[in-house]
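Structure assessment
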Amino acid sequence: MNENLNTLFERLEKFFRTETVVGNPMKIGEVTLVPIIDIGFGLGTGGGYGKDEKSSDGQGMGAGVGAEITPNSILIIKGEEVSLLPLKNKSSLEKIMEMIPDIVSKVKGEKEEKNSCCE
């Protein structure tokens, strides 16, 4: 049981890193987006010994873990301007949806510039 718990905690330690909570920055044109993420988890263990109806000895042990990862907000960096866009309410999600066409057109424009300059 101890070996299983040690393995479980080692894997959790690798999972709960700074990069898990503060995502990798994404550069889109002149704007850098940095996702901020909420993480929650629960852990339970148990074990016991006993005898059955035939007086046979027995033992049982178990462990389990569950986790939830949820986007919290996006840090937006444009030049010297920095803002935080929370994602917890509907209006913030609507703002992001409104930004998507502009972001896509900028990415397409950058790809076209790179292709035309190298031909």
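Refer to the preceding data block for the structure.
Residues numbered from 1 in each chain as written. Predicted model: local features only at pLDDT ≥ 70, side-chain atom pairs only at ≥ 80, totals over all residues. Heavy atoms only, no water.

Moving on, we come to the overall build of the chain. A tally of helices and strands in the chain yields three helices and four strands. Going from N to C terminus, the chain has its helices and strands arranged as α-α-β-β-β-β-α. Of all intrachain contacts in the chain linking residues separated by at least 6 positions in sequence, the fraction that spans at least 24 positions is 44%. Of the roughly 9,300 Å² of accessible surface on the chain, a fraction of 54% belongs to carbon and sulfur atoms. (Helix = DSSP H or I, 4+ residues; strand = E, 2+ residues; numbered from the N terminus. Contact = heavy atoms within 4.5 Å. Areas by Shrake-Rupley, 256 points an atom, 1.4 Å probe, with all protein chains shown as cover.)

This part takes up the pattern of salt bridges. Applying the stated criterion to the full structure yields one salt bridge. Between D57 and K51 there is a salt bridge; the shortest N-O distance is 3.1 Å. One exposure class covers both D57 and K51, and it is exposed. (Salt bridge = Lys/Arg side-chain N within 4 Å of Asp/Glu carboxyl O. Buried < 20%, exposed > 50% of the residue type's maximum accessible area, 1.4 Å probe, protein only.)

Before going further, it helps to spend a moment on helix α1 (residues 2-15). Relative to the 20 Å expected for 14 residues at 1.5 Å per residue, α1 spans 20 Å between its end C-alpha atoms, a close match to the ideal helical length. Considered for burial, the residues of α1 that qualify are L5, L8 and L12. End-on, the buried residues of α1 take up no more than an arc of 60°, which puts them together on one face. For α1, exposure combined with an orientation more than 90 degrees from the buried face picks out N2, E3, R11, E13 and K14. If you follow the buried residues of α1, they end up packed against β2 (31-51) and β3 (57-78). (Expected span 1.5 Å × (residues − 1). Arc of directions from axis to C-beta.)

Hydrogen bonds along the backbone pair up the strands of a sheet, which may run parallel or antiparallel. The strand order across the open sheet built from four strands is β1-β2-β3-β4, with neighbouring strands paired in antiparallel fashion. Lying at the two open borders of the sheet, with one neighbouring strand each, are β1 (26-28) and β4 (81-86). In this sheet, adjacent strand axes meet at a mean angle of 25° when their direction is disregarded. In this sheet, β4 lies alongside β3 in antiparallel orientation, the contact comprising six bridges. Following the sheet pairing, I77 is matched in β4 by V82. The sheet strands contacting α1 are β2 and β3, and the helix crosses β2 at an angle near 170°. (Pairing = 2+ DSSP bridges. Axes fitted to C-alpha atoms, helices over the stretch in contact; angles between N-to-C directions.)

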